[in-house]
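Summary of structural features
Here's the letter readout for the chains.
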Amino acid sequence: MATLLDKLWDPHVIADLGDGWWLLHVDRVLLHDLSGWRAMEEMRSRGLAAAAPKLAFATPDHAVSTAPGRRGDSYGPGEKLWSGLRDGAARNGIDFFDLGQIGQGIVHVMGPEMGITLPGTTLVCGDSHTCTNGGLGALAFGIGSTELVHVLATQVLRQRKPRAMRVRFEGRPGPGVSPKDLVLHLVGRIGADGGTGHAVEFAGEAIRALPVEGRMTICNMAIELGAKMGFVAPDETTFAYIAGRPYAPQGEMFERAVAAWRDLVSDEDAVFDREVVIDASAVAPTVSWGTSPEHTIAIDAAIPAPEQAPDADRRAAWGKALDYMGLDAGRPIAGTPVDWVFIGSCTNSRIGDLREAAAVARGRKVAPGVRAWIVPGSEAVKRQAEAEGLDAVFLGAGFEWREPGCSLCVAANGERVPEGARCASTSNRNFVGRQGPGARTHLMGPAMAAAAAVTGTLTDVRRLGA
Amino acid sequence: MTPFTTVTGAAAPLMQPNIDTDVIIPIHRLTGTARETMGQFAFEPLRYGADGAENPDFILNRPAFRGAPILIAGANFGCGSSREGAVWALRGVGLRCVIAEGFGDIFQGNCYQNGMLPVTLSARTVEELARQAVQGAPFTVDLINRMVISPGGTSYPFDIPPLRREALLEGLDELAQTRKRLAEITTWQERDQETRPWVWRHLPQATKEGST
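For the structure given in this document, a descriptive report is provided here. These figures come from a predicted structure and were not determined experimentally.

Observations concerning the overall build of chain B
Along its length, chain B carries nine helices and seven strands. For chain B, the C-alpha atoms occupy an extent of roughly 70 × 45 × 30 Å along the three principal directions. Intrachain contacts of chain B at a sequence separation of at least 6 include 63% that bridge at least 24 residues. By element, 49% of the accessible surface of chain B is carried by carbon and sulfur atoms, the whole surface being about 8600 Å². Of the charged side chains in chain B, 20 are positive and 23 negative; the average position of the first set lies 2 Å away from that of the second.

Right under this line is the structure:
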């Protein structure tokens, strides 16, 4: 009667610290230039060394420019973060994937594609979207800088075991409905704290039918439900994805690992602290209208009015959100003009996402006055897309084709959506100022973002036909 | 870490739900600001206007709440990004305690690493406290007895994991605590290398011809 959470958690317990707290072994650490650099500096100043450097992997993603031809110092304030991460990794014997090398990219895109993220492993990073890696059945979660130093120095963490939650997506989504739509719908339905204190297992027919990349898109937004961990039970799809990746076990060792990974499923009679069931067949392409990921609606719905909010605090918050977003309640969200389009981020920058966006862009043109960026999630994604000619499709349609990194998802590298501009974005957060001070973000899937680019407005991609 | 025992002072009510760590400290302040000076950018999008001038309506800019050590916040405070700078910024404006119905999990963990006490109380109690806080009268948060005491003298008990309480009271450094267990960790790792060799990169059998 064990849940998948039990099967991921319990084998990593080194000691019971009492009252639901455990000393937990960490199998993988991912480091990026924003928090990893800080952790490296802290380690140096305290005279600490990495306890298990071969279990850690570093790459710059947050504060590096994504402009074509960029270098580590192209964004001035990021230069010391990039070089500090590189030097800290070298000092500690940690593999570092530099700009232009396979392995460079958004850490949560890099980990899975390099075979670093494996089912049944515990994986941490100083980054809340570490839950993305749960798409392969890893227990992956974000931590702060102090905990990051702790884990680098000891390879363990003191953690409280979260409660177990399961979200089942039953049925199959209709045409034009992507994994992003499923998860945006979910956050809208149960709220930005609907999973707080829980680890979320995503299950059900719609999840099983997804490729690993789509599962990662859904796990990526577990944190937008308040859950720092989200995961999907690994299956044949997962094993096929991992086979042959550079850091994955090979040959006989791979077979041995797969045999162990097959047990990583919730037992039939497992009991969850919370369970949510979503009818995937009833989910429409979904977009955000406000400043919290819980502010989502179907693309064919009307912008909600504060009076419809469930309580007084939310009524006030919805009013402020509409003001910030410059939207009028009651009008259809479709048709809202956009100034910018961003296709990228650890949510939606993998090759499958770019293929979906390219299918919409092919033979069309970016609408006049719209600036549209494609930022591949990693060097490997970029090269694959170029091998398939997707860069030519995008460039031909008037998109900009850029270098891998976090870019406009988090605006930590000087790249920003201008104040007051409205951006259709495949990222994960529509917070106030997230894409730049005063920027207005609408979250959506890659095909929907491409549709916004070519029409110049928020558009139901199903009406375009791909 | 600075210990936390009791704190007395104004409690600033900021009852908007879902205040995220991007609002608590904008990302571009993380790349170029020393940890000790992040307080100047705490709540930057709310605290300052577009021209950089203070927004007089923002609660921490009002005379009664400048330097308040306690914040009473809307639900899901500190959701979003894992940036520990959010806690450093709050500490930098003098806050030692945040009271809310719930917190972002990662933010809450970061509070405990920095001598900041997150107090979780029911929505109804938080609303009640916020109403009593509007004039700036002093509250006391007593971690020893696990009580929030309102200006009128009413006590509101709260729960906190005993390990976290002890660490805050004593100002314990988690890393120093864990380092006492290094032998236990090593023993565990040696056993794990036999049961899950594929996790351990340095084991030659874990990779094909040492290809990595």
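Notes on the overall build of chain A
What chain A contains, in helices and strands, is 16 helices and 19 strands. Taking 2.2 N^0.38 as the reference for a compact globule, 466 residues should give roughly 23 Å; the C-alpha atoms of chain A span a radius of gyration of 21 Å, in line with that estimate. Overall, the C-alpha framework of chain A stretches about 55 × 50 × 45 Å when taken along its three principal axes. Split into buried and exposed, the 466 residues of chain A put 68% on the buried side. Within chain A, counting contacts between residues at least 6 apart in sequence, those at least 24 apart form 76% of the total. Accessible area for chain A stands at about 14000 Å²; split by element, carbon and sulfur atoms hold 50% of it.

Description of the packing of helix 12 (residues 351-361) of chain A against helix 14 (residues 390-397) of chain A
Residues and elements named next belong to chain A. Direction vectors running N to C along helix 12 and helix 14 enclose 40 degrees, while the axes themselves pass 10 Å from each other. By the angle between their axes, helix 12 is oblique relative to helix 14. Of the two elements, helix 12 crosses helix 14, and the hand of that crossing is left-handed. Across from I351, L354, R355, A357, A358 and A361 in helix 12, the residues of helix 14 making contact are L390, V393, F394 and A397.

Thresholds, definitions, all that
Residues numbered from 1 in each chain as written. Chains lettered and ligands numbered in written order. Predicted model: local features only at pLDDT ≥ 70, side-chain atom pairs only at ≥ 80, totals over all residues. Heavy atoms only, no water. Helix = DSSP H or I, 4+ residues; strand = E, 2+ residues; numbered from the N terminus. Contact = heavy atoms within 4.5 Å. Areas by Shrake-Rupley, 256 points an atom, 1.4 Å probe, with all protein chains shown as cover. Lys, Arg positive; Asp, Glu negative; His and termini not counted. Charge placed at Lys NZ, Arg CZ, Asp CG, Glu CD. Rg over C-alpha atoms; globule rule 2.2 N^0.38 Å. Buried < 20%, exposed > 50% of the residue type's maximum accessible area, 1.4 Å probe, protein only. Axes fitted to C-alpha atoms, helices over the stretch in contact; angles between N-to-C directions. Parallel < 35°, antiparallel > 145°, perpendicular 65-115°, else oblique. Left-handed = near helix turned anticlockwise from the far one by under 90°.

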